[in-house]
Amino acid sequence: WQFSTHFGTINTGSVPWEDAMCITDLENNGVYDVVIGCAGGNEMIYALDGQTGARKWAYGDSTTTNDGDVESVNANYDFNGDGIKDIIASLSGTTTGGRHAIVCLNATNGAVIFYTTQTQPFTDDAIGTESGCAIGVSNNGTPYGVNGFTTNGGFAWSYGAPGAIWSLKEFPDINNDGGKDILGLCGFSGSIVAITGNAGAQIWATTLGSSNNGKIQILDDADNNGFADFSLSAPQVAYRIDSKTMNVIWSKHFGSC
């Protein structure tokens, strides 16, 4: 099957952001569905039937073209207690317009569970966490940060980041306190930060040098020290890094292949 986001000259767009698509079971019926977030003239979120591609629901205003890109969608946690993992999405904007928000949507029908506007004009990656959710924010330049929220969308904490947050991932316990933590990759600066999931307190920070983009992927524990590894990419290089020690287990420079 295929699904088109083109519904006329005013409502058409693409899915350019790497984390703006997730695969999840929207009805707990054993069938994995697809959720996409669009950019361009079509700044909607669509939930699609995994077997047929039929639209289950849509979120957004189909009559506007300047609401800001949907930069990420994911389904990690159940926020309304119905047993189905709901959708957390990053709704970005421009300096003078757009939504500037993190939103939680009911996975079965797209209804808003909570909608929390950010004071910063731009939003980056967003994730659900066991404590609520978190989103990267920026001001078209410094300061950059990560904002954390409770399970009902209430503000909980803020972390000052060294760069724009291109990728956020909830991660198994890094500081051995029994709770899940958060890894963030900062574009352009190549910085990586580990912060606590419940308070946004820094566990460690390091840099791999100049970077433009990339996504964090959680891996197994290759060095057998009891803590999961992760992989990330930057221009012409990939890394495998230990989450506890920050040690680079290996790196691969593709430009030399």
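Just above, that's the structure.
The rules behind each value
- Residues numbered from 1 in each chain as written.
- Predicted model: local features only at pLDDT ≥ 70, side-chain atom pairs only at ≥ 80, totals over all residues.
- Heavy atoms only, no water.
- Salt bridge = Lys/Arg side-chain N within 4 Å of Asp/Glu carboxyl O.
- Pairing = 2+ DSSP bridges.
- Helix = DSSP H or I, 4+ residues; strand = E, 2+ residues; numbered from the N terminus.
- Axes fitted to C-alpha atoms, helices over the stretch in contact; angles between N-to-C directions.

What follows deals with the pattern of salt bridges. Pairs may arise between side chains of opposite charge once their charged atoms sit close together. Tallied over the entire structure, the rule returns six salt bridges. Here Lys-56 makes a salt bridge to Asp-49, at a shortest N to O gap of 3.6 Å. One salt-bridge network, held together by shared partners, links Asp-19, Lys-169 and Lys-215.

Moving on to the sheet that holds strand S13 (residues 144-149). If you trace the four strands from one edge of the open sheet to the other, you get S11-S12-S13-S14, paired in antiparallel fashion. Looking at which strands have only one partner, the edges of the open sheet turn out to be strand S11 (122-129) and strand S14 (155-161). The sheet shows a mean angle of 20 degrees between the axes of neighbouring strands, taken without regard to direction. By the bridge criterion, six bridges tie S13 to S14 in an arrangement that is antiparallel.

Spatially, the four strands line up as an open sheet ordered S15-S16-S17-S18, and their pairing is antiparallel. The open sheet has two edge strands, strand S15 (165-171) and strand S18 (202-207), and neither has a second partner. Averaged over all pairs of adjacent strands, the angle between their axes in this sheet comes to 15 degrees, without regard to strand direction. Where strand S16 (residues 181-186) and strand S17 (residues 191-196) come together, six bridges link them in antiparallel fashion.

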